[in-house]
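# Structure assessment
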Amino acid sequence: MPEARRSAARRKPVLRHARGLAKHPLVFASKLVASVVSVAVVSSLSIAAIALADVNRNVQQNSQVHLVQQKTGTAAPVTKAVEPQATALAGEFNVLLVGTDTRTGQGAKFQNRADLKASSGAGNNDVTMLLHVNAAHTAATVVSFPRDLVIPIPSCPSPNGGWYSAMSAQMLNTSLTYGGLTCPVLTIEKLLDIDDINYAAEISFDGVAAMSDAVGGVPVCLATPINDPYVGLKLPAGTSTIKGQDALAFLRSRHGVDDGSDLARISNQQNFLSSLLRTVTSAGTLSNPIKLYQLAEAATQNMTLSDTLGNTQTMVGMAVALKSIPLSQITFVQYPVVSDPSNANRVVPDSYGASVLADAIQKDQPVVLSASTGRGTVLAGGSGGTGGGTGSTAPTTPATSPTTPETTATTPPGEVQLTRGATGQTADQQTCTKGVTGRPGE
């Protein structure tokens, strides 16, 4: 039986959702997490012939978290293997990808920044993304869950033994603190009414910078300039290639993007992640064994994995399954939300839009977006910037728009059209980030 509920005094204070209310945003660098790990799964983990022993050792050393599941009770760890085979993982699968804001082990560069709120231990899961790959291996959906989403958190095991009691309404980004990596898994399983998130991974600051470095930088498009003094980022309109700490700042930036909200930042990050996927799957990366190895090393050295990911066979199997999925069928979508009627600085599930998305995942159906991009981005060529300084260029060819009711009367058989509250883009779409609509730092 679960232990008594934690007292309110022991809970961490919730963080602001609206712009202008948090003068020291937590590090949202880890928002790269889900798709970065997806990228690692798609490409870097298919390097069976390239120094596999090193990668396999990293995976085994870092896969120590045992998942407890909502209905089945446990996710069985796999038998560790040394020589992975290029065989696709059978059937559909779900991977929860979590980004932590912890400062533990991240060095002085993250502990001494004035804009960073101190955090240690497990930290908060300021990034929570679910990768769902369908059984036919023809489509993948990456769902971003806002950190300020107020939902029930189920009873979760304490890292020190025992259990935390369930909570009826708490911010999603506190779940990692309450129960470690298994608690966000249980929370999202409950939210979507599924019981088969068998794989989970967590990444922190150093991993984000290392992975963007490994691919030689990621091109990002800006419809308007970004100037965010809170994260030390200043980029011109047009296209810039960013890596390392600049990539970290780009993903963290909230005060420099659109209306300054976390929802705008999610759209901005989808811009980056779709570009990262295009970079990784380009011939220049896939044909470069050094880049592939560096990407795999960057991912596996900086991740904490569930024990179900405890060998490279499983991860290579995921890579093979994902390899045949075209970028146009990899869909990034923000979980549908509306403002919390009890607190305008928080969000709650949009009852209709969220149920449609959850039903599609439950039934293993690919999704089609009815709305393109989100608050923080516009389609490339639609209203992109035209200037931008040395080495910056604006895109001139509009990206292909997602399926919309105006252009297509029916949804292809077997696919579910997401409507109210669901925004995002496919990985092949090129989008441009919008700068702030108010004063920087508001």
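Residues numbered from 1 in each chain as written. Predicted model: local features only at pLDDT ≥ 70, side-chain atom pairs only at ≥ 80, totals over all residues. Heavy atoms only, no water.

### Brief notes about the overall build of the chain
Short version of the rule: Per the convention used, a helix needs a DSSP run of H or I reaching at least four residues, while a strand needs a run of E reaching at least two, with both numbered from the N terminus. Note on exposure labels: buried denotes an accessible area under 20% of the residue type's maximum, exposed denotes more than 50%, and partly exposed covers the range between, all computed with a 1.4 Å probe on protein chains only. Contacts are residue-level and defined by heavy atoms, with any inter-residue pair within 4.5 Å sufficient. Here the accessible surface of atoms and residues is derived via Shrake-Rupley with a 1.4 Å probe, and residues count as covered only by protein chains that are part of the display.
Scanning the chain from N- to C-terminus turns up 12 helices and 22 strands. The buried share of the chain, reckoned over its 442 residues, is 58%. Taking the contacts inside the chain whose residues are at least 6 apart along the sequence as the reference set, 78% of them involve residues at least 24 apart. When the accessible surface of the chain is summed, it comes to about 16,300 Å², and 53% of that surface belongs to carbon and sulfur atoms.

### Quick notes on the nonpolar core
The condition that has to hold: To define a nonpolar core, start from buried Ala, Val, Leu, Ile, Met, Phe, Trp, Tyr and Cys residues and group those joined through side-chain atoms within 4.5 Å.
Formed by 51 residues in total, the largest nonpolar core has its most connected members in Phe93, Leu131, Phe250 and Phe272. Among the elements that make up this core, the one with the highest residue count is helix α8 (residues 262-280) (6 residues). Counting 35 residues, the second-largest nonpolar core is a separate cluster that includes Ile151, Leu263, Val347 and Ile361.

### Here we look at the state of the cysteines
Applied cut-off: To count as a disulfide, a pair of cysteine sulfur atoms needs to be within 2.5 Å.
Counted by the stated rule, this structure contains 2 disulfides. Across the disulfide from Cys156 sits Cys183; the S-S distance is 2.1 Å. Torsion about the S-S bond of the Cys156 and Cys183 cystine: about 70°, corresponding to right-handed handedness. Placement of the pair is Cys156 in strand β6 (residues 156-157) and Cys183 in helix α5 (residues 182-192), with a sequence separation of 27 residues. For the pair formed by Cys156 and Cys183, the shared burial category is buried. Across the chain, the way the bonded cysteines pair up, counted in sequence order, is 1-2, 3-4.

### Points about the sheet that holds strand β22 (residues 431-433)
This is how it is decided: Two strands make a pair as long as DSSP finds a minimum of two bridges between them. Convention adopted: a line fitted to C-alpha atoms gives each axis, helices being fitted over their contacting stretch, and angles between N-to-C directions are expressed from 0 to 180 degrees.
Read from one edge to the other, the open sheet built from 4 strands follows the order β13-β10-β22-β19, with strand pairing classed as mixed. Two strands close off the open sheet at either side, each with one partner strand: β13 (238-242) and β19 (377-379). Between one strand axis and the next, the sheet turns by 45° as a mean value, whatever way the strands run. When strand β10 (residues 218-222) meets β22, the two strands line up parallel, connected through 2 bridges. Along β22, the bridge assignment pairs Leu222 with Thr433.

### Overview of the environment of Gln269
Structurally, Gln269 is set in helix α8. Judged by its relative accessible area of 3%, Gln269 is buried. C-alpha of Gln269 to C-alpha of Leu251: the two residues are 18 residues apart in sequence and 5.8 Å apart in space.

### As for helix α12 (residues 351-362)
Our working rule: Helix span is expected to be 1.5 Å times the residue number reduced by one.
The terminal C-alpha atoms of α12 lie 16 Å apart, and with 12 residues this matches the ideal 16 Å at 1.5 Å per residue to within 8%. Here α12 has its buried residues at Gly353, Ala354, Val356, Leu357, Ala358, Ala360 and Ile361. Looking one or two residues past α12, Asp364 carries a phi angle of roughly 60°, positive in sign.

### Description of the pattern of salt bridges
Quick note on the threshold: Whenever a carboxyl oxygen of Asp or Glu lies within 4 Å of a side-chain nitrogen of Lys or Arg, that contact is scored as a salt bridge.
According to the stated counting rule, one finds 7 salt bridges in the structure shown. One salt bridge connects Arg420 with Asp350, and the closest N-O pair in it is separated by 3.1 Å. Placement of the pair is Arg420 in the loop between β20 (416-418) and β21 (423-426) and Asp350 in the loop between β17 (343-349) and α12, with a sequence separation of 70 residues. In this structure Arg420 comes out as partly exposed when scored by relative accessible area, which is 43%. One connected set of salt bridges, linked through shared partners, spans Arg147, Asp148, Asp262 and Arg265.

### Here we look at the confidence of the model for the chain
Selection criterion: Each residue carries a pLDDT value, the predictor's own confidence for that position, ranging from 0 to 100.
For the chain, mean pLDDT is 74; residues scoring 70 or higher make up 67% of the total. Under a pLDDT of 50 for its full length, residues 103-121 has, in the predicted model, 45 contacts with residues more than four places off or in other chains. Ignoring residues within four places in sequence, the model shows residues 382-410, a span with pLDDT below 50, making 51 contacts including any to other chains.

### Side note on unusual backbone geometry
Of note in this structure, His137 is not a glycine but carries a positive phi near 55°. Among the secondary structure elements, His137 is positioned in the loop between β3 (125-133) and β4 (140-145). Positioned with a positive phi, Asp258 is a non-glycine residue whose angle comes to about 45°. Structurally, Asp258 is set in the loop between α7 (244-252) and α8. Assessed through its relative accessible area of 9%, Asp258 is described here as buried.

### Some points on the packing of α7 against α8
This is how it is decided: Each residue receives one of three labels: charged for Asp, Glu, Lys and Arg, nonpolar for Ala, Val, Leu, Ile, Met, Phe, Trp, Tyr, Cys and Pro, and polar for the others, Gly being one of them.
With their axes 8 Å apart at the nearest point, α7 and α8 run at an angle of 145° to one another. Residues Ala247, Phe250, Leu251 and Arg252 of α7 form the contact with α8, whose own contacting residues are Arg265, Asn268, Gln269, Asn271 and Phe272. The residue makeup of the contact of α7 with α8, split by class, is 4 nonpolar, 3 polar and 2 charged.

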